[in-house]
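What follows is the residue order along each chain.
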Amino acid sequence: CEAGVFSGTVLVARGNEVLLEHACGEASKRFAAPIDIDTKFNIGSLNKMFTAVAVAQLAEQGRLSYEDRLGEFIDESWLPAEVLEKVTIHHLLTHSSGLGDFYNETFEAGARKRFRTVGDYRELVHGDSPKFEPGTDWSYSNTGFLLLGAVIESVTGEDYFDYMREHVYAPAGMGDTDCYDMDCPIENLAIGYWPSTECEGGWKNNYFEHVIRGGPAGGGFSTVRDLSRFTGALASGALVSGETIQRMWTDYREGDRGYGYGFMRRETPKGTVVGHDGGFLGIEAYYDIYIETGHTVAVLTNIDEAAWPVDVKIRELMARLE
């Protein structure tokens, strides 16, 4: 922190016991606004976990099945009929659909303010087609999780963002987690930065690089305390059942970095760790649940690539725990 290479928050907990909380740096360099432990950070792809939990809730209620075809929920204004009939909910959740990334040339060339709702992204995915037969390979897909947001809206008849607030964030007690409109002032929200010689002071902000509002695939905001509450809600069954959690944390990728339903999975000296990471220009986030030991680790930063070294150090310390 003192060297200026980390700016953010860190939390380590075991169950409900907080072992470490730390906050440092500036949420806004323009106004020298300090970061505190409740500062909201862009969490990148961590939103995929929340979207996956929402889909799992609907599966538990019998409102959809993991083997349902995408064509049962969305139409050809999204994807060609032959794609809709091949891709299943399971494929989308596990990144085995073969679909790609809506952060494409059309997105880069367009005004960010055009993309606020799930439906606004329709034009960015319409021409997509699987690069392999769905279910036969693995390829990380932001488009896949965006489409899960469209599925949630189709099944519930609700706006994706409203559904998430009522059925995921509220039951988990995550009052500082949401997808905010970035052209509206939000209290205690961190702006992302990366080193740049183009600006006086040596930093550039990511106002005009990122989405104006995050969504099902990522780009929302949260705090380390809310992420710890998310762990507690999963453990208590407040969001989905234990049986569903086991399904979501199963490794369907079978590689060094496993992947379940919206959750990454890896093996460590202290057992299995699930969670997710997220990154973009000016932001980085790591969230780990140590299943066997009951630890939660959350590292959020508003400096480009600054969270990884901190998370690595915590992993080293965790490995040495008795």
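Once a new chain begins, its residue numbering starts again from 1 and follows that chain's sequence as written. The predicted nature of this model means local features are confined to residues of pLDDT at least 70 and side-chain atom pairs, given and counted, to a pLDDT of 80 or more, with totals for whole chains, interfaces and linings taken over all residues. The side-chain quantities take in all heavy atoms of the structure and omit both hydrogens and water.

Asker: What is the right way to look at the sheet that holds strand β2 (residues 17-24) in this model?
Answerer: The pairing of strands in a sheet happens through backbone hydrogen bonds and is either parallel or antiparallel. A sheet is described by the order of its strands in space; here 7 strands give the open sequence β2-β1-β13-β12-β11-β10-β9, paired in antiparallel fashion. For this open sheet the edge positions go to β2 and β9 (258-259), each flanked by a neighbour on one side alone. The pairing criterion is simple: DSSP has to find at least two bridges between the two strands. Only DSSP runs of H or I with at least four residues qualify as helices, and only runs of E with at least two residues qualify as strands; both kinds are numbered from the N terminus onward. Here strand β12 (residues 283-290) runs beside strand β13 (residues 295-301); their pairing, made up of 7 bridges, is antiparallel. By the bridge assignment for β13, A285 is matched with L300.

Asker: How do you make sense of helix α7 (residues 160-172) when you look at a structure like this?
Answerer: Each turn of an α-helix holds 3.6 residues, which means side chains three or four residues apart point in the same direction. For a helix, the expected span equals 1.5 Å multiplied by the residue count minus one. In a regular helix each residue adds 1.5 Å, so 13 residues correspond to 18 Å; α7 covers 17 Å between its end C-alpha atoms and thus fits that length. Bend at a given residue is defined as the angle between two axes, one fitted to the seven residues that end at that position and one fitted to the seven that begin there. Remark: the principal bend of α7, roughly 30 degrees, maps to E166. A simple rule labels every residue: compare its accessible area, found with a 1.4 Å probe on the protein chains alone, to the largest value its type can have, and call it buried under 20%, exposed over 50%, or partly exposed in between. Where α7 is concerned, the buried positions are Y160, F161, Y163, M164, V168, Y169 and A172. Residues of α7 that are buried in the fold lie against α1 (47-60), α6 (142-156) and α8 (224-236). Between the side-chain oxygen at the start of α7 and the backbone nitrogen of F161 there is a gap of 3.0 Å, and the oxygen is on D159. Residue contacts follow a heavy-atom distance rule, with two residues in contact if any of their heavy atoms lie within 4.5 Å. Side-chain atoms alone can form a polar contact between residues adjacent in sequence; in general such a contact is a pair of N or O atoms within 3.5 Å, and within protein one must be able to donate a hydrogen while the other accepts it.

Asker: I tried to follow the environment of F145 on my own but got confused; where do I start?
Answerer: Relative to the helices and strands, F145 resides in helix α6. For F145, a relative accessible area of 0% gives the class buried. Residues F145 and L92, spaced 53 residues apart in sequence, show a C-alpha to C-alpha distance of 6.4 Å. Setting aside residues no more than four positions away along its own chain, F145 makes contact with K48, T51, A52, L92, L93, H95, P216, A217, Y259 and G262.

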